[in-house]
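Analysis of the macromolecular model
Chain residues, written in single-letter form:
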Amino acid sequence: MGYKNFPMVPRVIFGRGSFNQINEVLALKRLSINAPFIFLVDDVFRNNPNITSILSLSYDDRIIYVSAKEEPKTSQVDQLVEDIILKSKQRPSGIIGIGGGTVLDLAKAVAIMLTNEGGAKDYQGWDLVKNPAIYHVGIPTISGTGSEVSRTTVLTGPERKLGINSDYTPFDQVILDSELTKELPRDQWFYTGMDCYIHCIESLTGTYLNTFSETYGNMALDLCKEIFLDGNLTEIEARDKLMMASWHGGMSIAYSQVGIAHAMSYGLSYLLGTKHGIGNCIVFDHLEDYYPEGVKVFKQMKAKHNITLPQGICADLADREFDIMINVALSLDPLWENAIGKNWKKIITREKLRTLYQKM
Ligand code: ZN
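Residues numbered from 1 in each chain as written. Predicted model: local features only at pLDDT ≥ 70, side-chain atom pairs only at ≥ 80, totals over all residues. Heavy atoms only, no water.

In the first shell of the zinc ion, the protein supplies D195 (OD), H199 (NE2), H262 (NE2) and H276 (NE2), at 2.1 to 2.2 Å from the metal. Around the zinc ion, the four donor atoms are arranged such that angles at the metal cover 85 to 173 degrees; this shape is classified as irregular. Donor residues binding the zinc ion come from one chain and are separated in sequence as D-x3-H-x62-H-x13-H. With D195 and H199 both in helix α5 (residues 186–204), this residue pair falls four residues apart, about one helical turn. In this pair, the class of D195 matches that of H199, namely buried. (Donors = N, O, S within 2.8 Å, 3.2 Å for Na, K, Ca; no water. Tetrahedral: all angles 85-135°; square planar, octahedral: opposite > 155°, others 65-115°. Helix = DSSP H or I, 4+ residues; strand = E, 2+ residues; numbered from the N terminus. Buried < 20%, exposed > 50% of the residue type's maximum accessible area, 1.4 Å probe, protein only.)

Our next topic: the packing of aromatic side chains. If you walk through the whole model with that rule in mind, you get 11 aromatic pairs. Through successive ring pairs, a cluster of aromatic residues spans F6, F212, Y216 and Y255. (Phe/Tyr/Trp six-rings, centres within 6.5 Å; stacked < 30°, edge-to-face > 60°.)

What follows concerns the environment of I227. Mapped onto the fold, I227 is located in helix α6 (residues 211–230). Residue classification places I227 among the buried residues on the basis of a relative accessible area of 7%. Residues I227 and R46, 181 residues apart in the sequence, show an inter-C-alpha distance of 29 Å. When residues no more than four places from it in sequence are discounted, the contact partners of I227 are W189, L233, A238, K241, L242 and H305. (Contact = heavy atoms within 4.5 Å.)

A rise of 1.5 Å per residue sets the reference length of α6, with its 20 residues, at 28 Å; its end C-alpha atoms lie 27 Å apart and thus fit the reference within 8%. Within α6, the full set of buried residues consists of S213, G217, A220, L221, L223, C224, I227 and F228. Against the buried residues of α6 lie α5, α7 (235–254) and α10 (292–304). Structurally, the start of α6 carries an N-cap: the backbone nitrogen of F212 is 3.0 Å from a side-chain oxygen of N210. Positive backbone phi, approximately 70 degrees, marks G231, located one or two places after α6. (Expected span 1.5 Å × (residues − 1). Polar contact = N/O pair within 3.5 Å; in protein donor to acceptor, adjacent residues only side chain to side chain.)

Right, let's get into the environment of N47. Mapped onto the elements of the fold, N47 is located in the loop between β2 (37–42) and α2 (49–52). Residue class for N47 comes out exposed when judged on its relative accessible area of 73%. Each C-alpha atom, one on N47 and one on V129, is 36 Å from the other, the two residues being 82 residues apart in sequence.

Attention now moves to the domain arrangement of the protein chain. Annotation of the protein chain at the domain level lists domain 1 (11–181) and domain 2 (186–359). Taking the mean C-alpha position of each, domain 1 and domain 2 sit 25 Å from one another. Listed by partner, the interface residues are 31 residues for domain 1 and 25 residues for domain 2. Both faces combined, the contact of domain 1 with domain 2 buries some 2400 Å², and carbon together with sulfur accounts for 63% of it. For the domain 1 face of the interface with domain 2, the top three residues by lost area are S143, V149 and K161, together amounting to 24%. (Domains from an automatic or database assignment. Buried area = accessible area lost by both parts, 1.4 Å probe.)

The next thing to look at is the sheet that holds strand β1 (residues 12–14). By way of backbone hydrogen bonds, the strands of a sheet pair with one another, either parallel or antiparallel. Taken together, the six strands give an open sheet; going across it, the order is β1-β9-β6-β4-β2-β3, and neighbouring strands pair in parallel fashion. Since the sheet does not close on itself, it has two edges, and those belong to β1 and β3 (62–66), each with one partner. On average, adjacent strands in this sheet sit at an angle of 15 degrees to one another, irrespective of strand direction. In this sheet, β3 lies alongside β2 in parallel orientation, the contact comprising five bridges. (Pairing = 2+ DSSP bridges. Axes fitted to C-alpha atoms, helices over the stretch in contact; angles between N-to-C directions.)

Moving on to the sheet that holds strand β8 (residues 161–165). An order of β5-β8-β7 is seen for the three strands of this open sheet, with the pairing classed as mixed. Of all strands in the sheet, those with a lone pairing partner are β5 (125–126) and β7 (154–156), marking the two edges. Of the pairings in the sheet, the one linking β7 to β8 comprises three bridges and is antiparallel in character. Within β8, the position partnered with T156 by the bridge is K161.

A few words on the packing of helix α11 (residues 319–330) against helix α14 (residues 350–359). The interhelical angle for the contact between α11 and α14, taken along N-to-C directions, is 115 degrees, at an axis separation of 10 Å. As far as their axial angle goes, α14 and α11 are roughly perpendicular. The interaxial crossing formed by α11 with α14 has right-handed handedness. Residue-level contacts link D319, F322, D323, M325, I326, N327, A329 and L330 of α11 to R350, L353, R354, Y357 and Q358 of α14. Counted by class, the contact of α11 with α14 contains seven nonpolar, two polar and four charged residues. (Parallel < 35°, antiparallel > 145°, perpendicular 65-115°, else oblique. Left-handed = near helix turned anticlockwise from the far one by under 90°. Nonpolar A, V, L, I, M, F, W, Y, C, P; charged D, E, K, R; others polar.)

With that out of the way, let us pick up the pairing of strand β4 (residues 94–99). When you tally the buried positions in β4, you get six out of six residues, the bulk of the element. Of the two faces of β4, the one lined by G94, I96 and I98 and the one lined by I95, G97 and G99 are each fully buried. In this sheet, β4 lies alongside β2 in parallel orientation, the contact comprising five bridges. Bridge assignment links V41 to a residue of β4, and that residue is I98.

The following block contains the structure:
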């Protein structure tokens, strides 16, 4: 087995107000007047001129508003792809995702599925994508998921919740403009920020750790503590720093892996539709046996920001439903191997997971 040869985002713009450069960036990438740019935009921005008035749509360019209330699904990707193919004269010049992790993941998946046959569910897994995606751009409006740097796009399919992990997944261009992360509800800011914090803890304590991951992870972890614990930053500084924490946290897991909170949170999300950020928080709150220091600091951050997590979301579940969540969680071998080690199957039993889920 050799070392991973993983792709990185080749172009990035960083700066407050840098979103204004979007039209110049895209103009160079237009393939023809019949090949439109398709903008997938979080529908919370539907009536927000700060986003839509900047975009200068020409020819057949089009905005498609997508809801980020639910986690992205393979069926949703397939529908978007079908709609784009039906309404475009030619294959689009590019897909531009403007939103949080859900919208960014949808943009990556749509860009892949425009050049690959079959349905999105056929590509959930590792390195199953055959053809390069079309040009795609990611513009985060919520910081923390690391989707802007990752080589995955996590989708809920008919059988599993799993990413399309491939060399063709990462964005060709990212624009990091912290002005776009204003006006976010406080809870959502916290939950998505904690996704980044949990990436750091799971990477830094994992068996896959190496110096590449460790240095990025430490940078992101320090930033998270500065933002969520120390509280000496202005709001603008905090937004800039969380944007970079998300980036570095994503870089850290790119060369290592996430761990137990993610595996179990995928189970919650698959069965109950729990969103990724809050799902991670609900799980991580109970993982003191596995991440003692990380969970201790997490609880301090939670207290500092007066966050109350939902309780008892698994209280009324049937045996069959616990089984579904446990199956989803246990199917994510690399996450467990990173968290526990090669012999993880001897340590992590179905009963242990059931006991943990029952506390949530
Ligand atoms: Zn995550």
